[in-house]
Amino acid sequence: MIDDWMDEAEKPSREAMEKGAREAGAVAHAALDMARSIVKPGAKYIDAANALESLIKEKGFEPAFPVNLSLNEQAAHYTPSLDDTLKFPDSGLVKVDLGASKGGILSDCAITVDLSGSMQELVAATEEALAAAISTVKAGVKVSAIGQEIEAAITKRGFKPIENLGGHGVQFHDLHSSPFIPNYDNGDDTELEEGEIIAIEPFATTKEGRGAVANSDTWEIYSLAGDALVRQPDARAVLKEVSARYPSEPFAARWLSGVVGSRFSLYSALRALVSAGALEPHPTLIEMNGAVVSQKEATLLVTKDSCEVLT
Ligand code: CO
């Protein structure tokens with residue numbers, strides 16, 4: 001979306017991209033390590049999100065997107081609201097999905113925290129699926145072959161892959177580029193290339209699940225969609241702030257604390273901007289049968305004979 005104004009000359013060399021991606025990967029990895037201890041029953045979502053985003057900033061990076069803390073049938077895209085009061089329950093699966101960004105170089109990774117420890121098999125299914133995928137990755141491998149490995153690891157445990165979510169290329173200023181890396185064998189012959197940076201993210205659900213997600217009707221994450229004429233003063237103020245601070249990256253409503261008078265006026269302004277087409281909302285994604293979901297994700301650098309795990 002920003003390719004229009006992006007000057008090819010500012011694109012880093014391949015060496016600089018790889019070095020930057022290793023750094024962004026290490027920062028995201030450190031944040032996931034922290035998540036293992038702070039995402040726990042009784043803790044507030046907003047405290048966890050703030051702590052993880054602060055860690056990324058302390059290391060000189062920005063969150064590549066708002067930290068996602070998605071519970072049970074929520075597969076992805078829940079992030080705390082402004083003044084969120086939710087606490088993690090005593091049991092359930094929390095997908096912690098986060099990334100680090102600096103100068104347009106990005107990382108993306110996720111783990112699943114099992115709050116009570118009672119759903120270890122579903123967690124293991126996506127861990128094993130990611131490990132199987134990683135062992136397959138090298139230049140020239142077809143994305144459908146990776147999907148096949150993921151699907152086999154998940155079904156071996158008696159679970160289902162989520163078929164309409166998948167991995168993606170990670171390029172300069174573009175967190176979700178081609179190729180799409182499926183979580184099942186979709187027959188796509190696209191081959192990985194040496195030097196490509198990709199994220200692989202198996203999602204699994206139970207037999208009761210549909211194996212697919214749909215948009216819910218709520219969202220906390222937005223991105224700038226385009227020019228739109230808005231007259232309402234609060235909406236104009238929010239749009240101006242967003243255009244300056246988040247020209248190309250997703251942001252959370254809670255990141256706009258203080259831009260307008262109150263929580264109510266912020267959310268009213270955001271609604272007006274969505275209606276006007278100025279902002280694109282990214283709704284929370286829900287398993288279509290309401291079944292619980294696990295996820296594991298890493299960012300990788302594809303090499304001639306294998307890959308380097310960056311996160
Ligand atoms: Co991803």
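Refer to the structure printed above.
Residues numbered from 1 in each chain as written. Predicted model: local features only at pLDDT ≥ 70, side-chain atom pairs only at ≥ 80, totals over all residues. Heavy atoms only, no water.

This part is about the coordination of the cobalt ion. Protein coordination at the cobalt ion: the donors are Asp108 (OD), His168 (NE2), Glu201 (OE) and Glu297 (OE), at 2.0 to 2.3 Å from the metal. In terms of primary sequence, the donors binding the cobalt ion are separated according to D-x59-H-x32-E-x95-E. Pair noted here: Asp108 is in the loop between strand S6 (105-106) and strand S7 (109-114) and His168 is in strand S9 (residues 166-171), with a separation of 60 residues, a long-range link. Across the pair, His168 and Asp108 agree in class, each one buried. (Donors = N, O, S within 2.8 Å, 3.2 Å for Na, K, Ca; no water. Helix = DSSP H or I, 4+ residues; strand = E, 2+ residues; numbered from the N terminus. Buried < 20%, exposed > 50% of the residue type's maximum accessible area, 1.4 Å probe, protein only.)

Here the focus is the nonpolar core. One finds Val39, Leu69, Phe88, Val94, Val96 and Leu98 to be the most contacted residues of the largest nonpolar core, which totals 28 residues. Contributions of two or more residues to this core are made by helix H1 (14-38), helix H2 (45-58), strand S2 (68-71), strand S4 (93-98) and S7. Residues Ala125, Val143, Ile154 and Val302 belong to the second largest nonpolar core, which totals 25 residues. (Core = buried A, V, L, I, M, F, W, Y, C linked by side-chain atoms within 4.5 Å.)

It is worth spelling out the layout of surface pockets at this point. Roughly 920 Å³ of volume is contained in the largest pocket. Around the largest pocket, the lining is made up of 39 residues, and of these Phe65, Leu175, His176, Pro250 and His282 lie nearest the centre. Contributing elements (two or more residues each) for the lining of the largest pocket: strand S5 (100-102), S9, strand S10 (174-182), strand S13 (213-224) and strand S15 (279-287). In terms of residue count, the dominant contributor to the lining of the largest pocket is S10 (four residues). (1 Å grid on protein atoms, 1.4 Å probe; cavity = no way out; pocket = protein on both sides within 12 Å on 5 of 7 lines; lining within 4 Å. Points joined across faces, edges and corners; volume = space filled by probe spheres on them.)

Attention now goes to the packing of helix H3 (residues 120-136) against helix H4 (residues 143-156). Where H3 contacts H4, the axes come no closer than 8 Å and their chain directions differ by 150°. With respect to their mutual orientation, H3 and H4 come out roughly antiparallel. The handedness of the crossing between H3 and H4 is right-handed. Packed against H3, whose contacting residues are Ala125, Glu128, Ala129, Ala132, Ala133 and Thr136, the element H4 presents Ile146, Glu149, Ile150, Ala153 and Ile154 at the interface. (Axes fitted to C-alpha atoms, helices over the stretch in contact; angles between N-to-C directions. Parallel < 35°, antiparallel > 145°, perpendicular 65-115°, else oblique. Left-handed = near helix turned anticlockwise from the far one by under 90°. Contact = heavy atoms within 4.5 Å.)

Sheet strands pair by backbone hydrogen bonding; their relative direction is either parallel or antiparallel. Pairing in this open sheet of three strands is antiparallel, and the strands run S2-S4-S7 from one edge to the other. Where the open sheet ends on each side, the last strands, each with one partner, are S2 and S7. Averaged over all neighbouring strand pairs, the angle between strand axes comes to 20°, with direction disregarded. Packed onto the sheet, H1 meets S4 and S7 and runs at close to 10° relative to S7. (Pairing = 2+ DSSP bridges.)

What follows deals with the pairing of S2. The two faces of S2 match: Asn68 and Ser70 on one face and Leu69 and Leu71 on the other face are all buried. Sheet topology note: the S2/S4 ladder contains four bridges and is antiparallel. Within S4, the position partnered with Ser70 by the bridge is Lys95.

Looking at the element boundaries, Thr126 is found in helix H3. Overall, Thr126 belongs to the buried group, its relative accessible area being 0%. Ignoring any residue separated from it by four or fewer positions in sequence, one finds Thr126 in contact with Pro202, Phe203, Ala204, Ser294, Gln295 and Lys296. One polar contact links Thr126 to Ser294, side chain to side chain, over a distance of 3.0 Å. (Polar contact = N/O pair within 3.5 Å; in protein donor to acceptor, adjacent residues only side chain to side chain.)

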